[in-house]
Amino acid sequence: MSAPRRHVQVAIVGAGPAGLVLAHVLHRAGVSVEVRERSSRAEVEQQARAGLIEHRVVEYLRDHGLADRLLAEGGRHEWCEFMCLGERIHIPYGDLSGGAGHWVYPQQFLVRDLIASFEEAGGVLRFDCPVLDVDTTGDRPRVRCQDDVLEADHVVGCDGPRSTVARSFPAGMDGAVERRYPYDWLTVLAEVDRPVDGIRYALHEAGFAGMMPRTPRLARFYLQVPPDADLADWPEARIREQLSLRLRLRPEAGDPRLGRLTEVGMLRLRGRVRDHVHTGRLLLAGDAAHVLTPSGAKGLNLAVADVADLADSLLRYHRDGDEDTLAGYERRRHRDAWAAQEFSDRLLEVLHLPPGNAAESAFGLRLRRERLARLSTPGPEAETFARTYGGAGRLRPAPRPGE
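All values reported here derive from a predicted model rather than from experimental measurement.

Asks: Break down the packing of helix 3 (residues 55–63) against helix 9 (residues 299–320) for me, citing the residues and quoting the values.
Replies: At a minimum axis separation of 10 Å, helix 3 and helix 9 run at an interaxial angle of 45°. Classified by the interaxial angle, the pair formed by helix 3 and helix 9 is oblique. Both helix 3 and helix 9 take part in a crossing whose hand is left-handed. Residues R56, V57 and Y60 of helix 3 pack against N301, V304, A305, V307, A308 and A311 of helix 9. Grouping the constituent residues of the contact of helix 3 with helix 9 by class yields 7 nonpolar, 1 polar and 1 charged.

Asks: Lay out the sheet that holds strand 4 (residues 75–77) with the relevant residues and their values.
Replies: Read from one edge of the open sheet, 3 strands run 3-7-4, paired in antiparallel fashion. Each having just a single partner strand, strand 3 (52–53) and strand 4 make up the two edges of the open sheet. Both strand 3 and strand 7 (residues 102–104) contribute to a ladder of 2 bridges, which runs antiparallel. Residue I53 lies in a different strand from strand 7, and its bridge partner there is W103.

Asks: Got a sec to walk through the environment of I12? Specific residues and values, please.
Replies: Structurally, the position occupied by I12 is in strand 1 (residues 5–13). Residue classification places I12 among the buried positions, given a relative accessible area of 1%. When the C-alpha positions of I12 and P294 are compared, they lie 25 Å apart, and in sequence the two are 282 residues distant. In this structure, I12 is in contact with G19, L22, A23, V33, E34, V35, R36, V156 and C158, ignoring residues within four places of it in sequence.

Parameters and conventions
Residues numbered from 1 in each chain as written. Predicted model: local features only at pLDDT ≥ 70, side-chain atom pairs only at ≥ 80, totals over all residues. Heavy atoms only, no water. Axes fitted to C-alpha atoms, helices over the stretch in contact; angles between N-to-C directions. Helix = DSSP H or I, 4+ residues; strand = E, 2+ residues; numbered from the N terminus. Parallel < 35°, antiparallel > 145°, perpendicular 65-115°, else oblique. Left-handed = near helix turned anticlockwise from the far one by under 90°. Contact = heavy atoms within 4.5 Å. Nonpolar A, V, L, I, M, F, W, Y, C, P; charged D, E, K, R; others polar. Pairing = 2+ DSSP bridges. Buried < 20%, exposed > 50% of the residue type's maximum accessible area, 1.4 Å probe, protein only.

Spelled out as structure tokens, the structure:
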């Protein structure tokens, strides 16, 4: 017996921030949409990832009624600091950019909000429902799951780097441009006895370290490690020692004291942009289209920028019959993806010393100190950095019903 088939205008694969934001905007504009997610609801709602949301993304979420809890419970941050050669270089990127700061709100909190809001609005979202394949042999693509089939005018893959939708692209359209960086980051989520009051990047001869705010009692930490390092070589005592050394943590001077390490992992640093994110009636967004390092906190924000563009394009198509805007989606997203990759890469270059002897490290640290000093002083270079880092400007607007 074949699985029942239904028709929707847009089928979305993946219930991360990208898929959920797109589903909200389309659903509220009257486009029939359903979401399929391979993981359980608990897994999706508990996965701790990004936590810095750009100015332009928050404004977009606010415009669509999706930021109430974020604005009520999140924290506003408008400065970061770089530690280099014992100095703290303070960069007030909110002031330098004319107000483009971040909101600190963990990704899993945002996902919970979006799921609850989508369900309250009557949206259809199925968890524990992996997509087996996307059949493109008919007039419309069919999303095939274990017990149902969705026929759709468009299928959007928001299902991560191993996207099932991307695997359905024709042969010759499945390539990507990639970079594997010559270092990795050990990632730590730790309890802290006081809130982290700002983003701290530490440049050190022993390697980069970072400290990022998450909640009043949790913080995200990063440690540079050799490429393909084994997590087993990093016991808790070594992690604590290196964080304290590189970040110069001094609780007596106001720095947080680390408590329990709630999560420790290894992040293999890669950059990746797919050659094609649109073919026929299939489209990709978020990590299915591109993968960025955490440097500069662009991953989540670029994903929402993708679906802001895509929501606008799909609404124009379904409401007005405008095919030209949708046809330009790939060109626009490639342009923005490469801009984000370039910013992330440039920041990585500042944060990491090339391998070498002590004299070369000392020279490299002094060069970086001078570069960072320019970013902290008002001027074109500092303002450009600040606007890009904080996400100044507006995302592509989505037409509202009746407009």
